[in-house]
Amino acid sequence: MTTVAFSTEQHELRRTVREFLDKKSPESEVRRLIETPTGFDAAVWQQMAAQIGLPGIHIPEEFGGAGLGYVEVCIALEEMGGHLFGGPFLASAVLAAEVVLRSNDSAAMADFLPKIATGETIATVAFPSGDDPSTDTRLTATSTADGYVVSGTAGFVLDALSADVIFVFARAGELGLFAVNTDAVGVQITGAPSMDATRKHATVSFDNAAARIIRTERGAAQIRSDVANLACVALANESVGGAQAVLNQSVNHAKARYQFGRPIGSFQAIKHKCADMLVALEQAKSVAYHAAATVDENPDDFGVEAAMAKAYVGDVYARAAAENIQIHGGMGFTWEHPAHLYLKRAKCAQSMFGDAVYHRRVLADTLGLSASAHS
């Protein structure tokens, strides 16, 4: 397993992102933005771009980005997970930017990446299904005299309501990659309800919407698979941040809450819950950091590490978030307490891009352990 030893620069990045989010994404702001259609503050997004360059963190310097590695991306995501940040970082800076980068289409990279890096353009990607990345696309692309048009409906498109452009995988005979402007004629975006109100999804319908084809060297299907795996690594590291936050809440409450004249953290049942959460979290960090480092070391072959991280870390976060509510007792169930916000984020992150069952099946197939592999 790859050992991750963070550098001085990486520690400084973590500190910078944390301080920014402490100011810009406190619980009160998270709750305010839940009630908005897009779930984020455009002014804060621009500040994030101008002050610390996060939208372009992984975009090469030649296209206006910082040119940093995926480990740095995941450091930022870990801090965002701890703060329940609702901005389009995952959708635009990670998924959309990676789709364009991995296409190796020089014209598309020159046109899209600089504006994504500065935060001027917010982009997202329409995957076939929100909870099963292996599902085939229902979108079709048709060649016309003026180019291509895309038709069909995509569900659970992350941050579509705030996006300027959506990258879609559509069939024009074989699978292709296309860019569709959200203000194009024939595009209709409808917010989709979700358990996790801090992260906005939408259903996007395309009715002969004008689309730009993105040329791909390795094929659209390979890009779709790679970026879905990158999403799994991203969500695993974001979940580490969330799990750390709920552990901190549990420990602080266990120290401050007294019953029978002593803190509840001195009771064996509470003490063991917190200890178990800590052990699981430290293991989750190792798995998530290893997956992020593997992306940097072997960017074309990290599917096993992505599946491991998504399956294990997602479960750890969900259990920790549930235990946090138990440790807080009655107040943990109330709307006023933030514990439920983390639990909802954890449960939704668990299912995005495949749940633990799906990814364990992927690992079993890879190792030749599934029934289908022996049939």
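A quick note: this is a predicted structure, and the numbers were derived from the prediction, not measured.

Turning our attention to the domain arrangement of the protein. One can read the domain layout of the protein as domain 1 (8-118), domain 2 (123-218) and domain 3 (221-367). Facing 23 residues of domain 1, the contacting portion of domain 3 comprises 32 residues. Summing the contributions of domain 1 and of domain 3, the shared interface buries around 2,200 Å²; its carbon and sulfur component is 66%. Considering only the side of domain 1, the residues that lose the most area to domain 3 are Tyr70, Leu84 and Arg102, jointly responsible for 31% of the buried surface there.

The next thing to look at is the pairing of strand S3 (residues 147-158). Direction of pairing for strand S2 (residues 140-144) relative to S3: antiparallel, over a ladder of five bridges. If you follow Ala141 over to S3, its bridge partner there is Val150. Between the end of S2 and the start of S3, which pair antiparallel, lie two residues. As judged from the eight bridges shared by S3 and strand S7 (residues 201-214), these two strands associate in the antiparallel manner. Paired with Leu158 across the strands is His201, a residue of S7.

Here the focus is the UniProt feature "domain: Acyl-CoA dehydrogenase/oxidase C-terminal" (unreviewed entry) in the protein. In this numbering, the UniProt entry assigns the feature "domain: Acyl-CoA dehydrogenase/oxidase C-terminal" (unreviewed entry) to residues 230-367. In residues 230-367, helix accounts for 78% and strand for 3%; the two terminal C-alpha atoms are 21 Å from one another.

Our next topic: the environment of Ala254. Relative to the helices and strands, Ala254 resides in helix H7 (residues 220-256). Owing to a relative accessible area of 5%, Ala254 belongs among the buried residues under this scheme. Sequence separation between Ala254 and Ala320 is 66 residues; the distance between their C-alpha atoms is 14 Å. Once you skip the residues sitting within four places of it in the chain, Ala254 turns out to touch Pro263, Ile264, Gly265 and Ile270.

For the rest of this paragraph, the subject is the packing of helix H5 (residues 89-103) against helix H6 (residues 106-118). At a minimum axis separation of 10 Å, H5 and H6 run at an interaxial angle of 165 degrees. On the basis of their axis angle, the class for H5 and H6 is roughly antiparallel. As H5 packs across H6, the resulting crossing turns out to be left-handed. The segment H5 lies against H6, with Ser92, Ala97, Val100 and Leu101 engaging Ala108, Met109, Phe112, Leu113 and Ile116. Taken together, the residues of the contact of H5 with H6 sort by class into eight nonpolar, one polar and no charged.

Of the volumes computed, that of the largest pocket is approximately 400 Å³. For the lining of the largest pocket, the elements supplying multiple residues, two or more each, are helix H1 (8-24), helix H2 (27-34), helix H4 (70-83), H7, helix H8 (268-297) and helix H10 (339-351). Among the elements that make up the lining of the largest pocket, the one with the highest residue count is H7 (five residues). Taken together, the residues of the lining of the largest pocket break down into eight nonpolar, seven polar and seven charged. Counting the residues that make up the lining of the largest pocket, at least three belong to each of domain 1 (8-118) and domain 3 (221-367).

Looking now at the packing of H7 against helix H9 (residues 303-328). Where H7 contacts H9, the axes come no closer than 8 Å and their chain directions differ by 25 degrees. Comparing their axes, H9 and H7 come out roughly parallel. With respect to the hand of their crossing, H7 and H9 are arranged in left-handed fashion. Per-class residue counts for the contact of H7 with H9 are 14 nonpolar, nine polar and one charged.

Another aspect to go through is empty space enclosed by the protein. For the coordinates displayed, the defined rule picks out three cavities of 30 Å³ or more. Approximately 100 Å³ is the volume attributed to the largest cavity. Elements with a minimum of two residues in the lining of the largest cavity: H2 and helix H3 (42-52). For the lining of the largest cavity, the element with the most residues is H2, which contributes four residues. Here the residues of the lining of the largest cavity are counted per class, giving eight nonpolar, four polar and three charged. What the second largest cavity holds in volume is close to 90 Å³.

Criteria and cut-off values
Residues numbered from 1 in each chain as written. Predicted model: local features only at pLDDT ≥ 70, side-chain atom pairs only at ≥ 80, totals over all residues. Heavy atoms only, no water. Domains from an automatic or database assignment. Contact = heavy atoms within 4.5 Å. Buried area = accessible area lost by both parts, 1.4 Å probe. Pairing = 2+ DSSP bridges. Helix = DSSP H or I, 4+ residues; strand = E, 2+ residues; numbered from the N terminus. UniProt positions renumbered as here; feature names shortened; annotations may be inferred. Buried < 20%, exposed > 50% of the residue type's maximum accessible area, 1.4 Å probe, protein only. Axes fitted to C-alpha atoms, helices over the stretch in contact; angles between N-to-C directions. Parallel < 35°, antiparallel > 145°, perpendicular 65-115°, else oblique. Left-handed = near helix turned anticlockwise from the far one by under 90°. Nonpolar A, V, L, I, M, F, W, Y, C, P; charged D, E, K, R; others polar. 1 Å grid on protein atoms, 1.4 Å probe; cavity = no way out; pocket = protein on both sides within 12 Å on 5 of 7 lines; lining within 4 Å. Points joined across faces, edges and corners; volume = space filled by probe spheres on them.

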